[in-house]
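What follows is the residue order along each chain.
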Amino acid sequence: GAGVSQSPRYKVAKRGQDVALRCDPISGHVSLFWYQQALGQGPEFLTYFQNEAQLDKSGLPSDRFFAERPEGSVSTLKIQRTQQEDSAVYLCASSPMRAGGQETQYFGPGTRLLVL
Amino acid sequence: AQSVTQLGSHVSVSEGALVLLRCNYSSSVPPYLFWYVQYPNQGLQLLLKYTSAATLVKGINGFEAEFKKSETSFHLTKPSAHMSDAAEYFCAVSAGLNAGNMLTFGGGTRLMVKP
């Protein structure tokens, strides 16, 4: 079956430009996560949705970062006024159940963002 | 708070040799632990996970890991490396119920397999 998909796969932005990254989770998955992976590092948590509710946004690095999941399926991560330090791979993951700790998260291929 | 330490950012083995990737964790609650593999330009794929059942967990592609509470470790092993095992490996711990099971990852270990 279809896995998690993300678009675009690659994005080059000029500093100060706004960008929008899309995530299509596995159909029916309740939980959706965004992670940021800097070059040579492990992914770091950004935000978590349970259906359309954003239950945790503690990992968002600044108020330039905004995420939404209005209908409980597709999610968009928006970065306003991009800075060079925003350059990273942005990973989306989904899992079938609500909070439980042991649920497997299924990851998309990521969007590689380069800010010049 | 949870944290994960992966000792060795790069590990090189010969094809057919034992693979050992180290992971130590810190958690204030009983942890759920995961190993993921990442191939170039791809997302993370689950290798195996520990969810408080058997302490020796078997995963895909011949990998296994043993949960040792006394050592706070969850090292990943494979008896015989294959060229196709060359990838980046990440150990992760789940924060548990109250945080929506977000994952906290280690810094990763790049496995290189020599012919």
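Numbers given to residues run from 1 along each chain, matching the order in which its sequence is written. Both sets of labels track the order of writing: A upward for chains, 1 upward for ligands. Owing to the predicted nature of the model, reporting of local features is limited to residues with pLDDT of at least 70; listing and counting of side-chain atom pairs is limited to 80 or more, with chain, interface and lining totals taken over all residues. Each side-chain value is worked out from all heavy atoms of the structure, with water and hydrogens disregarded.

Each helix is a run of H or I in the DSSP string that is no shorter than four residues. Each strand is a run of E no shorter than two, and both are numbered from the N terminus. What chain B contains, in helices and strands, is zero helices and 12 strands. Listed by position from the N terminus, the elements making up chain B come as β-β-β-β-β-β-β-β-β-β-β-β. For a compact globule the rule gives 2.2 Å times the number of residues to the power 0.38, and the radius of gyration it is set against comes from C-alpha atoms. The C-alpha atoms of chain B give a radius of gyration of 14 Å, which matches the 13 Å a tight globule of 115 residues would have. Projected onto its principal axes, the C-alpha positions of chain B cover 45 × 30 × 20 Å. A contact between two residues is defined here by any heavy atoms of the two lying within 4.5 Å. A separation of at least 24 residues holds for 56% of the contacts in chain B among residues at least 6 apart in sequence. Here, Shrake-Rupley sampling with a 1.4 Å probe gives the accessible areas, and only protein chains in the shown set may cover a residue. Counting only carbon and sulfur atoms, one obtains 54% of the accessible surface of chain B, whose full area is about 5,300 Å².

All names here are of chain A. The strand order across the open sheet formed by four strands is 1-3-8-7, and the pairing between neighbours is antiparallel. The sheet is open, and its two borders are formed by strand 1 (5-7) and strand 7 (65-68), each paired with just one other strand. The average angle at which neighbouring strand axes cross in this sheet is 15 degrees, direction not considered. When DSSP finds two or more bridges between a pair of strands, those strands are recorded as paired. The pairing of strand 7 with strand 8 (residues 75-79) spans four bridges and is classified as antiparallel. Its bridge partner being in strand 8, Phe-65 is matched across the sheet by Ile-79. Fitted lines through C-alpha atoms give the axes, limited to the stretch in contact for helices. The angle between two N-to-C directions lies from 0 to 180 degrees.

We define a salt bridge as a side-chain nitrogen of Lys or Arg found within 4 Å of a carboxyl oxygen belonging to Asp or Glu. Throughout the structure, instances matching the rule amount to six salt bridges over all chains. Across the pair Glu-68 of chain A and Lys-78 of chain A runs a salt bridge whose closest N-O atoms are separated by 3.4 Å. With Glu-68 of chain A in strand 7 and Lys-78 of chain A in strand 8, the pair connects residues that are 10 residues apart, well separated along the chain. Overall, Glu-68 of chain A belongs to the partly exposed group, its relative accessible area being 27%. In this structure, Arg-110 of chain B engages Glu-88 of chain B in a salt bridge whose closest nitrogen and oxygen atoms are separated by 2.9 Å. Placement of Arg-110 of chain B in strand 12 (residues 109-114) and of Glu-88 of chain B in strand 10 (residues 87-94) is noted, with a sequence separation of 22 residues between them. Under the scheme applied here, a residue whose accessible area is under 20% of the maximum for its type counts as buried, over 50% as exposed, and between as partly exposed, the area being computed with a 1.4 Å probe on protein chains only. Under the relative-accessibility criterion, Arg-110 of chain B is labelled partly exposed at 37%.

Turning our eyes to something else, we now look at unusual backbone geometry. All names here are of chain A. In the segment running from Ser-7 into Pro-8, the intervening peptide bond is cis, with an omega of -10 degrees. Inspection of the secondary structure assignment puts Pro-8 in the loop between strand 1 and strand 2 (10-13). One non-glycine residue, Asn-51, lies in positive phi territory at about 55 degrees. In this fold, Asn-51 is placed in the loop between strand 5 (44-50) and strand 6 (53-56). Looking at Asn-51, the relative accessible area reads 33%, which means it is partly exposed. Despite not being glycine, Arg-81 shows a phi value in the positive range, around 45 degrees. When you line up the elements, Arg-81 lands in the loop between strand 8 and strand 9 (88-95). For Arg-81, a relative accessible area of 43% translates into the label partly exposed.

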